[in-house]
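Geometric and topological summary
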Amino acid sequence: MKIRTLSKIAAFITAASLIMTSCGSKQESQYAYEDSAPSLAEAFKDHFRVGAAINSWDISDPNSNQYKTIVKQFNTLVMENESKPDHLHPAEDRYDFDAFDKFVDFCVEHDITPRGHCLVWHSQVPGWMFKDGNKDASAELLLERMKEHITTVVTRYKGKVKSWDVCNEVIGDDGQLRFSDWSRIVGDYDGDGDKYDFIEEAFRAAREADPDARLMINDYSIESSTDKAIRMYNAVKQMLSEDVPIDGIGFQMHIGKGQSPEGLKECFDILKRLRDIKPDLVFEVTELDVNCYGWGQEKKDVELTDEFLEEFNKTYTDTYKVLLELADEGILDSVIMWGLHDGVSWLNDGHQNYPMLIDKDLKLKEAAYEVMDLA
Ligand code: G3I
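Now for a quick tour of the structure. The model shown is predicted, which means the values in this text are computed figures rather than measured ones.

1. Concerning helix H6 (residues 139-156)
An α-helix turns once per 3.6 residues; consequently, residues spaced three or four apart project the same way. For H6, which comprises 18 residues, the first-to-last C-alpha distance of 26 Å matches the rise-based estimate of 26 Å (1.5 Å per residue) to within 8%. Taken as a whole, H6 has its buried residues at Ala139, Leu141, Leu142, Leu143, Arg145, Met146, His149, Ile150, Val153 and Val154. The inward-facing, buried residues of H6 contact helix H4 (85-88), strand E5 (113-120), strand E6 (131-132), strand E8 (163-168), helix H7 (181-186) and helix H8 (197-209).

Rendered as structure tokens:
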């Protein structure tokens, strides 16, 4: 066996039996579901709720370790895929609420706050929404269908789902309003010069369906790209001036290892200025993970060297320090991780990634102990 392969195996073995530092003392890494293990939700209870994106099979067996981990570690949850429009509304005359109903019931049973992700998105939306026979649906038809979808879904979970991603990823990578079937077909429907109309109507429909639910506009890179943060600021400012009922900004936070805390703060500061217009605007972190690869970086399975782990753990602690500051300012009350553990993260696209606070064997990682120490 090559030396390189042996050192890789050694690195993995070391990682699997990590000696953890917690509260200044060394201790063995614990399974996240063990009674004696610390709980992320408990550790941060005076600051914000801590959650994860999960799937229906994670909560189907109360005796499973996933189930026990979820109940022990989290006090807010979201579905990774099964509350998206393509799942909930596969055909115009057919809804499939089974998985989301069970998820919401599970949350209610365990006193966990469920989020709803998401009502309007350019992806994972059923194709029929945009079609009228062989041609495109008209703006009127599309808006009518969108409102029907939002009203049906939000009304069903009224009073239970406390926070909705009403619109997801509407700002494009070029910093402009994303070009999508929504913006293309609906366009500047009210003739006021902007093309936010589908977003405006989505928020109004959601507010009407559940006046008490928190209505969020959710996006990625608004915590790391000042250009995108400014574009989001301008869009939300414009819509607030038109009385669109936006309650807060969802920061997905799919960040990369080495993300600087200064970069995060700069973006948060830009969007915090919306509070000059709407003093009770809130932030939620909705999809946090730490990608081990930079954009464009060649991917190979992660080697858990000391150097790697140090930088990875520091990215988490730097990030949580910024999040704790936001919580202390009273602007942030929820931090959700996008996945339950390393083994099931969407970032494992053919190569092993290492993005979460819980490893693929459901053990709390060193970074988990370090962020809990901050609280
Ligand atoms: O359900 C089908 C299954 O029937 C089929 O056999 C299989 C074959 O590929 O695909 C399954 O659908 C997959 C779906 O996840 C459910 O597992 C899709 O291919 C796959 O593309 C989809 O990926 C999801 C992705 O959103 C879609 O854009 C990821 O799991 C999910 O983590 C990811 O989540 C998004 C957030 O919603 C928004 N922010 C970014 C985040 C990460 O991309």
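2. Describing the side chain of asparagine 291
Relative to the helices and strands, asparagine 291 is located in strand E12 (residues 282-291). Separated by 2.9 Å, the side chains of asparagine 291 and asparagine 353 make a polar contact. Residues in contact with asparagine 291, not counting those within four places in the same chain, are Ile255, Gly256, Lys257, Leu347 and Asn353.

3. Quick look at the packing of H6 against H8
In helix packing, the relevant descriptors are the interaxial angle and the interaxial distance, both defined with respect to the helix axes. The contact between H6 and H8 brings their axes to 9 Å, and the two run at 30 degrees. Classified by the interaxial angle, the pair formed by H6 and H8 is roughly parallel. H6 and H8 meet at a crossing whose hand is right-handed. Along the contact surface, H6 presents Leu143, Met146, Lys147, Ile150, Thr151, Val154 and Thr155, while H8 presents Phe198, Glu201, Ala202, Ala205, Ala206 and Ala209. Split into classes, the residues belonging to the contact of H6 with H8 amount to 9 nonpolar, 2 polar and 2 charged.

4. A word on the packing of helix H11 (residues 306-328) against helix H12 (residues 366-374)
At a minimum axis separation of 9 Å, H11 and H12 run at an interaxial angle of 30 degrees. If you check the angle between H11 and H12, you find them roughly parallel. Where H11 crosses over H12, the two elements pack in a sense that is right-handed. Between H11 and H12, the contacting residues are Phe312, Asn313, Tyr316, Thr317, Tyr320, Lys321 and Leu324 on the first element and Glu366, Ala367, Glu370, Val371 and Leu374 on the second.

5. Description of the pattern of salt bridges
Scanning the model with the defined rule gives 23 salt bridges in all. One salt bridge in this structure joins arginine 156 and aspartate 101, with 2.7 Å as the shortest N-O distance. In this pair, arginine 156 sits in helix H6 while aspartate 101 sits in helix H5 (residues 98-109), placing the two residues 55 residues apart along the sequence. Linked through salt bridges whose partners overlap, the residues forming this network are Arg115, Asp165, Arg214, Glu284 and Asp333.

6. A word on the site of the ligand
With respect to spatial proximity, 14 residues lie near the ligand, and among them Glu80, Lys84, His117, Glu287 and Trp338 are the closest. Within the side chain of glutamine 124, an N or O atom sits 3.4 Å from an oxygen atom of the ligand. Glutamate 169 is positioned with one of its side-chain polar atoms (N or O) 3.0 Å from a nitrogen atom of the ligand. Across the complex, the protein chains shield 45% of the 790 Å² of accessible surface that the ligand would expose by itself. Of the residues that constitute the shell around the ligand, the class distribution is 3 nonpolar, 7 polar and 4 charged.

Reading the values: the criteria
Residue positions are given per chain, counted from 1 along the sequence in the order it is written. With pLDDT at 70 or above as the cut-off, local features in this predicted model cover only qualifying residues; side-chain atom pairs require 80 or more to be listed or tallied, and sums for whole chains, interfaces and linings still use all residues. Side-chain descriptors were evaluated using all non-hydrogen atoms of the structure, hydrogens and water having been removed beforehand. Put simply, DSSP H or I for four residues or longer makes a helix, DSSP E for two residues or longer makes a strand, and each gets a number counted from the N terminus. The span one expects for a helix is its residue count, reduced by one, times 1.5 Å. Each residue is assigned to one of three classes by its accessible area relative to the maximum for its type, calculated with a 1.4 Å probe on protein chains only: buried under 20%, partly exposed between the two thresholds, exposed over 50%. We call two residues in contact whenever any of their non-hydrogen atoms come within 4.5 Å of each other. Side-chain atoms alone can form a polar contact between residues adjacent in sequence; in general such a contact is a pair of N or O atoms within 3.5 Å, and within protein one must be able to donate a hydrogen while the other accepts it. Lines fitted to C-alpha atoms define the axes here, with helix axes fitted over just the stretch in contact, and angles between the N-to-C directions of these axes take values from 0 to 180 degrees. Note on terminology: angles under 35 degrees are roughly parallel, angles over 145 are roughly antiparallel, angles of 65 to 115 are roughly perpendicular, and the others are oblique. Crossing handedness is read from the near helix: turned anticlockwise from the far helix by less than a right angle, it gives a left-handed crossing, and turned clockwise, a right-handed one. Amino acids are sorted into nonpolar (Ala, Val, Leu, Ile, Met, Phe, Trp, Tyr, Cys and Pro), charged (Asp, Glu, Lys and Arg) and polar (every other residue, Gly among them). Within this document, salt bridges are pairs made up of a side-chain nitrogen of Lys or Arg and a carboxyl oxygen of Asp or Glu, the two lying within 4 Å of each other. For this description, a residue counts as near a given molecule or strand if any of its non-hydrogen atoms is within 4 Å of it. Residue exposure ignores everything except the shown protein chains as possible cover, and the areas themselves are Shrake-Rupley values with a 1.4 Å probe.

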